[in-house]
Amino acid sequence: MALEKDVDCPACGETRSFYRTAAMTLHLGEKTKWRCPDCGYGYVEIDGIDTLPA
């Protein structure tokens, strides 16, 4: 799994490189936490489903 990925940051209002801060395997799949280094906004992703606003 990659250590960074480009995502549209809702706090910054533009595309930023988010960095993986944690990962673990759950019964639902792999849980990964991502954080924007510029503003500190973070979100969780479980097996490709994320908590980012739509």
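Residues numbered from 1 in each chain as written. Predicted model: local features only at pLDDT ≥ 70, side-chain atom pairs only at ≥ 80, totals over all residues. Heavy atoms only, no water.

As annotated in an unreviewed UniProt entry, the chain is DUF7838 domain-containing protein from Halorubrum californiense DSM 19288.

Draft legend 1. Fine view of the pattern of salt bridges. Evaluated as defined, the whole model comprises 3 salt bridges. Lys5 is paired through a salt bridge with Glu45; the nearest N and O atoms lie 2.7 Å apart. One end of the pair, Lys5, is in strand β1 (residues 4–8); the other, Glu45, is in strand β4 (residues 42–46), with 40 residues separating them in the sequence. Classification of Lys5 as partly exposed rests on a relative accessible area of 26%. The exposure class of Glu45 is buried, given its relative accessible area of 10%. With its nearest N and O atoms 3.4 Å apart, the salt bridge here joins Arg16 to Glu14. On the basis of relative accessibility, which here comes to 23%, the residue Arg16 falls in the partly exposed class. (Salt bridge = Lys/Arg side-chain N within 4 Å of Asp/Glu carboxyl O. Helix = DSSP H or I, 4+ residues; strand = E, 2+ residues; numbered from the N terminus. Buried < 20%, exposed > 50% of the residue type's maximum accessible area, 1.4 Å probe, protein only.)

Draft legend 2. Structural context of the sheet that holds strand β5 (residues 49–50). With respect to topology, 5 strands assemble into an open sheet ordered β1-β2-β3-β4-β5, the strand pairing being antiparallel. The sheet is open, and its two borders are formed by β1 and β5, each paired with just one other strand. Bridge analysis of strand β2 (residues 15–26) against strand β3 (residues 29–35) gives 7 bridges, and the strand direction is antiparallel. Bridge pairing links Met24 to Lys31 in β3. (Pairing = 2+ DSSP bridges.)

Draft legend 3. Structural detail: the nonpolar core. Formed by Val7, Cys9, Phe18, Trp34, Cys36, Tyr43 and Leu52, the largest nonpolar core amounts to 7 residues. Look past the residues within four positions of Val7 in its chain and what remains in contact with it is Glu14, Thr15, Arg16, Phe18, Tyr43 and Leu52. (Core = buried A, V, L, I, M, F, W, Y, C linked by side-chain atoms within 4.5 Å. Contact = heavy atoms within 4.5 Å.)

Draft legend 4. Inspection of the packing of aromatic side chains at higher detail. One pass over the structure, following the stated rule, counts 1 aromatic pair. Here the guanidinium or amino end of Lys5 rests over the ring plane of Trp34, the centre of that ring lying 5.0 Å away. (Phe/Tyr/Trp six-rings, centres within 6.5 Å; stacked < 30°, edge-to-face > 60°. Lys NZ or Arg CZ within 6 Å of the ring centre and 35° of its normal.)

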